Amino acid sequence: MTTAVLHTSCASTVPGVIIITLNLLLNNATYDNRHNANLSEPAILRCEVVNNIDDESLIWYRGTGQVDIKSENSVNVSSICIPELTIEDNGVSFTCLLKQNTSIKLSLQMNVLCESHNYSDLAESSAAFYYFTL
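What comes next is a walk through the structure. This one's a predicted model, so the numbers in the text were calculated from it and none came from an experiment. (Residues numbered from 1 in each chain as written. Predicted model: local features only at pLDDT ≥ 70, side-chain atom pairs only at ≥ 80, totals over all residues. Heavy atoms only, no water.)

### A word on unusual backbone geometry
And then number 1: With a phi close to 65 degrees, N28 is a non-glycine residue in the positive phi region.
And then number 2: Mapped onto the elements of the fold, N28 is located in the loop between strand 3 (23-26) and strand 4 (33-38).
And then number 3: At N76, a residue that is not glycine, the phi angle is positive and equals roughly 70 degrees.
And then number 4: Its location among the elements puts N76 in the loop between strand 7 (65-67) and strand 8 (77-82). (Helix = DSSP H or I, 4+ residues; strand = E, 2+ residues; numbered from the N terminus.)

Quick look at the structure:
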């Protein structure tokens, strides 16, 4: 029996071929999600290719900008570290994707917490919040 790696966009069934679906894990999740982290603390994001036979290169985006990572941190498993979260990191999406097939990707949205407050809950009152902090 032959083993073939087919990406998730391939839906054909071939007799005698075992289909292995190539997937990603982002912070141990196989789905887009949110990441809760405390203000002024570091956040580490980890992306891993699963069910791969050959080495796969990974790339990261913070919002719409590509994150610069070292080549040795881009093959099969990749991590990025935000040394100190700020309020500006709240709501930002971080996306890990395969370099050869960018349709295979996972994203998480940063949810920055301060004490017992969730900054995403302040979105509606952010104008008043900033008014009083000036």
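Resuming the write-up.
### Some details on the state of the cysteines
And then number 1: On inspection of all chains with the given rule, the structure shows 1 disulfide.
And then number 2: There is a disulfide in this structure between C47 and C96, and the S-S distance comes to 2.0 Å. Since a negative S-S torsion denotes a left-handed disulfide, the C47-C96 link at about -85 degrees is left-handed. On the criterion of sequence distance, the pair formed by C47 in strand 5 (residues 43-50) and C96 in strand 9 (residues 93-98) is long-range, its members being 49 residues apart. Take C47 and C96: they sit in the same class, and that class is buried. (Disulfide = S-S within 2.5 Å. Buried < 20%, exposed > 50% of the residue type's maximum accessible area, 1.4 Å probe, protein only.)

### Looking at the nonpolar core
And then number 1: Ranked by internal contacts, the top residues of the largest apolar core, which has 22 residues, are L24, W60, F94 and M110.
And then number 2: Secondary-structure elements contributing two or more residues to this core are strand 3, strand 5, strand 6 (58-62), strand 8, strand 9 and strand 10 (105-114).
And then number 3: Here F94 is in contact with L26, L45, Y61, R62, I80, I82, L106, S107, L108 and M110, once residues within four sequence places are set aside. (Core = buried A, V, L, I, M, F, W, Y, C linked by side-chain atoms within 4.5 Å. Contact = heavy atoms within 4.5 Å.)

### Topic: the pattern of salt bridges
And then number 1: A complete count under the given rule lists 2 salt bridges for this structure.
And then number 2: Across the pair E48 and R46 runs a salt bridge whose closest N-O atoms are separated by 3.0 Å.
And then number 3: With a relative accessible area of 23%, E48 lands in the partly exposed category.
And then number 4: The partner of R62 in a salt bridge is D89, and the shortest N-O contact between them spans 2.5 Å. Placement of the pair is R62 in strand 6 and D89 in the loop between strand 8 and strand 9, with a sequence separation of 27 residues.
And then number 5: For R62, a relative accessible area of 36% translates into the label partly exposed. (Salt bridge = Lys/Arg side-chain N within 4 Å of Asp/Glu carboxyl O.)

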